[in-house]
Amino acid sequence: MPTQTKLASAPAGRRRAQWPVPAGLILLSLIPVIAGAARLTELTSGAAITPQNARFFASPVPVVVHIVSVTVYSLLGAFQFVPALRGRRGWHRIAGLILIPAGLLTALTGLWMSAFYVLPDGITDVPLRILFGSAMLASLVMGIVSIRRRDFVRHSVWMTRAYAIAVAAGTQALVILPWMLLVGPPGELIRALLMGSAWVINLAGAEYVIHRRARVPARPPRPSARVILDAQATRVRA
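Basis of the calculations
- Residues numbered from 1 in each chain as written.
- Predicted model: local features only at pLDDT ≥ 70, side-chain atom pairs only at ≥ 80, totals over all residues.
- Heavy atoms only, no water.
- Helix = DSSP H or I, 4+ residues; strand = E, 2+ residues; numbered from the N terminus.
- Expected span 1.5 Å × (residues − 1).
- Bend = angle between axes of the 7 residues up to and from the residue.
- Buried < 20%, exposed > 50% of the residue type's maximum accessible area, 1.4 Å probe, protein only.
- Core = buried A, V, L, I, M, F, W, Y, C linked by side-chain atoms within 4.5 Å.
- Contact = heavy atoms within 4.5 Å.

Remarks on helix 2 (residues 20-44)
Turning to step 1, where the next piece is worked out: The end-to-end C-alpha separation of helix 2 is 36 Å, in line with the 36 Å expected for 25 residues at 1.5 Å each.
Turning to step 2, where the next piece is worked out: Along helix 2, the helix axis deviates most sharply at Leu-30, where the bend reaches about 30°; the proline Pro-32 sits within four residues downstream.
Turning to step 3, where the next piece is worked out: When helix 2 is considered as a whole, its buried residues turn out to be Pro-22, Leu-25, Leu-28, Ser-29, Val-33, Gly-36, Glu-42 and Leu-43.
Turning to step 4, where the next piece is worked out: Positive backbone phi, approximately 70°, marks Gly-46, located one or two places after helix 2.

If you want it as structure tokens, here you go:
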């Protein structure tokens, strides 16, 4: 009986072990999601126009599309890191049909805002935004090319990198907040360096995940019913 209980509980334990990473990603994504919701509320409630938000009122479509698309991309994308779900072809395909357009919209609107919005004084990280936004867009394109070639491994690699870049806004908040508490408001250069470090941290984490997946041996294919029957017949004749 103890052995049966242990065997029965093992699958549930493995299922629980799959959730810490996606749960952490969801929590990390909630930081920019909440900030985006506050921005949408500001735009729709007739808030006062200030130098910090004037660009959004002057051209609201890009920021609204960006907020909606990055919310879908970051929250739904976290579930792609659940092995049990990722292994289900139906789920993965349906989620991908949503995630790829959402990711492309996230990257394209982010690049558009960085290039064409008139930014207030004190924002000096535009080159970094364009650099990593372009890297995200390139990763998504490479992911699309890989899946069209049926190269599932490279597809997973590129999509993991794209997701890491997309959710860096949450990491940026976690990096900047301790600095503000311990040192005070960062200057322009320090703020840009902290923002850039968040992208680097996320990409380093993505590479760790990629290499960890590569070390996991592929599961051997399950034998077909015909092979099983032939093997049984051979044992009977023997």
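Picking up after the structure, the text goes on.
Things to note about unusual backbone geometry
Turning to step 1, where the next piece is worked out: Its identity is not glycine, yet Arg-150 carries a phi of approximately 65°, on the positive side.
Turning to step 2, where the next piece is worked out: Along the polypeptide, Arg-150 turns up in the loop between helix 7 (126-148) and helix 8 (152-166).
Turning to step 3, where the next piece is worked out: Accessibility expressed as a relative area gives 57% for Arg-150, which makes it exposed.

Regarding the nonpolar core
A general trend in soluble globular proteins is that nonpolar side chains are found buried together.
Turning to step 1, where the next piece is worked out: Judged by nonpolar contacts, the single largest core of 26 residues is most densely connected at Tyr-73, Met-136, Leu-140, Tyr-163 and Trp-199.
Turning to step 2, where the next piece is worked out: Of all the elements in the fold, those that place two or more residues in this core are helix 2, helix 4 (60-78), helix 6 (89-116), helix 7, helix 8, helix 9 (168-182) and helix 10 (188-215).
Turning to step 3, where the next piece is worked out: Counting residues per element, this core draws most heavily on helix 8, which supplies five residues.
Turning to step 4, where the next piece is worked out: Non-local contacts of Tyr-163, meaning those with residues more than four positions away in its chain, are made with Leu-25, Ser-29, Tyr-73, Ser-74, Gly-77, Ala-78 and Phe-81.
Turning to step 5, where the next piece is worked out: Counting six residues, the second largest nonpolar core, distinct from the first, contains Val-63, Ile-67, Met-113 and Tyr-117.

Keep in mind these values describe shape, not function.
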